[in-house]
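A look at the structure
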Amino acid sequence: MKKLPKEKVKPFVEKLLQDYEVLGPMETAGFASFGRIMSPGELKLNYQNSKKTPKEAFFPQWEVMFRYRSTGQSVEVKSAEDTGRRRILFGIRPCDIRAALLLDLVFDSLDFKDPYYINKRKGTIVVGLGCNHPASTCFCTSVNGGPFSREGADFFMTDLGDGYLVEVLSQKGRKLLRGFDGKEASEEDKERAKAIADSATRGISSVIEADGLMEKLEKLTEAPFWDFLHEKCLGCGICTYLCPTCHCFDMADEAFDLKGQRVRCWDSCLFPLFTLETSGHNPRPTGRERIRQRIMHKFNYFFYTHKAIACVGCGRCIIHCPVNLDIRRVIDDIHRE
Amino acid sequence: MTFIGNNAASNSHESLRNPYLPFPMRVERTFVETSDRMLKSFDLAFVDKVDEAAFRFRPGQFCEVSLFGKGEAPLGIASSPTEKPLLKFTVNRAGVVTRALHHLEEGDEVGIRGPLGNSYPVDRFQGKNVVIIGGGFAFTTLRSLVVFMLDHENRKKFKEITVIYGARAPGLLLYKEELAQWEKREDVNLYVTVDKGDEGWNGREGFVPTVVEEVGPSSENAYAVICGPPIMIKFTFPKLADLAFPRERIYTALERRMKCGMGKCGRCNIGPLYVCKDGPVFSYAQLEELPKDY
Ligand SMILES: Cc1cc2nc3c(=O)[nH]c(=O)nc-3n(C[C@H](O)[C@H](O)[C@H](O)COP(=O)(O)OP(=O)(O)OC[C@H]3O[C@@H](n4cnc5c(N)ncnc54)[C@H](O)[C@@H]3O)c2cc1C
Ligand code: SF4
Ligand code: SF4
Ligand code: FES
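One structure accompanies this document, and this report is about it. Worth saying up front: this structure is predicted, and the values here are computed from it rather than measured.

Description of the overall build of chain B
What chain B contains, in helices and strands, is 8 helices and 16 strands. At 19 Å, chain B has a C-alpha radius of gyration in line with the 19 Å of a compact globule built from 294 residues. Projected onto its principal axes, the C-alpha coordinates of chain B cover approximately 60 × 45 × 35 Å. Relative to its full complement of 294 residues, chain B shows a buried share of 57%. A separation of at least 24 residues holds for 68% of the contacts in chain B among residues at least 6 apart in sequence. Taken as a whole, chain B presents about 12,300 Å² of accessible surface, with 49% of it coming from carbon and sulfur. Charge centroids of chain B, computed over 38 positive and 38 negative side chains, lie 4 Å from each other.

Structural data, given as structure tokens:
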């Protein structure tokens, strides 16, 4: 373990910027979001959690899949996969790292490999940043995470006040030490880091009861519960757009004369068009089926397939839902049914 | 179509096969199936030998068919693997892509991704009687299944084969050529019916569920496959139940709105199963376990 004094952060990041594309938390329009930084000054490492999720680094909201060009009767198709980009996702929170591990299960599954996601993911070094001050809406500890969980990080930093305790957790992470001008961490630093982590973990005030949830939901698919739940929901979909584990997307062609591109962009199970068929039939015709899909997918279907809950407890959907539909209360109500 | 940076061509570092990239196929033949001209079949030939060799499919699977600039549509493969190298699709003119597909002419190229999805459990059907019930234009992959089982190499693997197929009117029956051939064969019991005949029709009249009841295929050592409009399924299913077919031995193929066809875009699931990759073929025993989300 090493220690990076605060005044050394700037040169450290500058060095990283020479070799890598660095994505980090920055302030845009009054909230924190992940973007490509060009200088260390743009980093805003004391953010609580970004509004938009860093999953965009691997799964952008909009991306070109391939471009095509017609030449008479035949068409030339050229894939737009990223290859060989070297990137660092700097200062990502443990819940968002866990979300990437869950997305790996979808996009890097055994049956079909999604090269758009995988190439970006594989070319990225993940630098985690512990959460000294979790928000009141964070419930990561209920869903196998924690404010100082190192799971999935290549490199991990703990803010000690006067500097960062730095841990290398993988071969990929080791590469970052090349530009590192810090010293070995002292015993005292390590103890302080542990105390900070313990206190942060104790400070998580939100909980959901994950045990038995999968089984409970199994019996609830046709329950009147959903009739009431959806009445409040506007179907705006913001909860799905801000969720780090939501992975639904749409695909469409954009044509310009004889050339064009196929693109994909995020989509949401809360939109009626998501499942509407050409015949007019919609298997999820009302908010009831749609919100049931969102909850069931996160806490039952995903668990059935991957043995993990597809929620990392980041609390974004709680903070940003315009009608305060609070997933923690929904889970409580499910247990009470 | 020339493919740059394509799967077959690219040898780049740990090159992943990109399952989203369509490969080219050329339209060899187009054929208007129905008198209302809403259904048209296309026989497609592989442009690239590498794609042809890699393409192995079973009856019941589907492809995503691309028309660049318009998009993709999932379409069941109507031909049997025994009819390779051509692939047949039969397309109902419904929306943007399917409408544009109807304008294709011989020599045009389309993009194909697939084969996708599971298939009819033909291995399980071996040594069994198989009853195939189809209605309307849902007969596409059933054509694949019947042609596959009637292939001279395969026919001996199955016992009695019964096909019950209905359409609203004689002009709306698909694959009239094949129906005529099957009619002549001794080794398949074919019952074609229309809701209402016309002057030229001297075949059977009546709805599919009624015909199923009249024919009364035995459920002994038998499997049933049933595909058709929801209303037909709704009334045929009880008839099969009356004939003592257990749910485990009745299969159907489902349709849902699809995009990726690989369980990633998240829209076609019924409970934890994705119709695109865990289906589209399901047994009724399986469907019974799932939320009624279809
Ligand atoms: C597994 C499977 C096999 C199919 N086999 C056949 C077949 O053999 N012959 C045939 O004519 N039709 C078949 N369909 C239905 C066919 O895919 C739709 O009619 C077609 O996608 C409509 O696309 P469109 O662009 O013409 O319509 P639009 O309404 O313009 O399409 C809009 C969007 O909706 C989607 N969409 C709408 N309805 C459906 C639907 N029912 N299924 C899937 N996606 C839909 C399309 O992907 C498209 O992106 C099948 C569907 C599935 C899922
Ligand atoms: S469901 Fe809500 S709390 Fe859970 S990961 Fe998604 S946005 Fe975060
Ligand atoms: S953010 Fe709230 S209102 Fe909007 S779709 Fe989600 S639950 Fe419904
Ligand atoms: S079509 Fe994308 S998940 Fe099935």
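Don't stop here, the text continues.
Details of the site of ligand 3
All names here are of chain A. In the vicinity of ligand 3, the residues found are Cys233, Leu234, Gly235, Cys236, Gly237, Ile238, Cys239, Leu270, Cys321, Pro322, Val323 and Leu325. Here ligand 3 occupies the largest cavity. A class-by-class count of the residues in the shell around ligand 3 yields 10 nonpolar, 2 polar and no charged.

Some thoughts on the nonpolar core
For soluble globular proteins, the rule of thumb is that nonpolar side chains tend to be buried together. Membership of the largest hydrophobic core comes to 92 residues, with the highest contact counts inside it found for Ile88, Phe90 and Met157 of chain A together with Ile133 of chain B. Not counting the four nearest positions on each side in its chain, Ile88 of chain A is found in contact with Leu16, Tyr20, Glu21, Val22, Leu23, Thr124, Ile125, Val127 and Leu176 of chain A. One finds Phe158, Tyr175, Val225 and Val281 of chain B within the second-largest nonpolar core, a separate group that totals 35 residues.

Some details on the site of ligand 1
The immediate surroundings of ligand 1 are formed by 21 residues, with Thr278 of chain A together with Pro74, Asn92, Thr98 and Lys259 of chain B found nearest. Mapping the residues adjacent to ligand 1 onto the chains of the assembly identifies chains A and B. The separation between a nitrogen atom of ligand 1 and a polar main-chain atom of Thr90 of chain B is 2.8 Å. Thr140 of chain B places a side-chain nitrogen or oxygen 3.3 Å from an oxygen atom of ligand 1. Starting from 830 Å² of accessible surface for ligand 1 in isolation, the protein chains cover 88%.

Concerning empty space enclosed by the protein
Residues and elements named next belong to chain A. With the rule as written, the count across this model stands at 8 cavities of 30 Å³ or more. For the largest cavity, the calculated volume is near 150 Å³. What lines the largest cavity is a set of 19 residues, among which Cys233, Cys239, Arg294, Cys321 and Leu325 lie closest to the centre. Every element with two or more residues in the lining of the largest cavity is listed here: α8 (238-241), α9 (287-306) and α11 (327-336).

Reading guide: rules and limits
Residues numbered from 1 in each chain as written. Chains lettered and ligands numbered in written order. Predicted model: local features only at pLDDT ≥ 70, side-chain atom pairs only at ≥ 80, totals over all residues. Heavy atoms only, no water. Helix = DSSP H or I, 4+ residues; strand = E, 2+ residues; numbered from the N terminus. Rg over C-alpha atoms; globule rule 2.2 N^0.38 Å. Buried < 20%, exposed > 50% of the residue type's maximum accessible area, 1.4 Å probe, protein only. Contact = heavy atoms within 4.5 Å. Areas by Shrake-Rupley, 256 points an atom, 1.4 Å probe, with all protein chains shown as cover. Lys, Arg positive; Asp, Glu negative; His and termini not counted. Charge placed at Lys NZ, Arg CZ, Asp CG, Glu CD. Near = heavy atom within 4 Å. 1 Å grid on protein atoms, 1.4 Å probe; cavity = no way out; pocket = protein on both sides within 12 Å on 5 of 7 lines; lining within 4 Å. Sits in = over half its atoms within 2 Å of the grid points. Nonpolar A, V, L, I, M, F, W, Y, C, P; charged D, E, K, R; others polar. Core = buried A, V, L, I, M, F, W, Y, C linked by side-chain atoms within 4.5 Å. Polar contact = N/O pair within 3.5 Å; in protein donor to acceptor, adjacent residues only side chain to side chain. Points joined across faces, edges and corners; volume = space filled by probe spheres on them.

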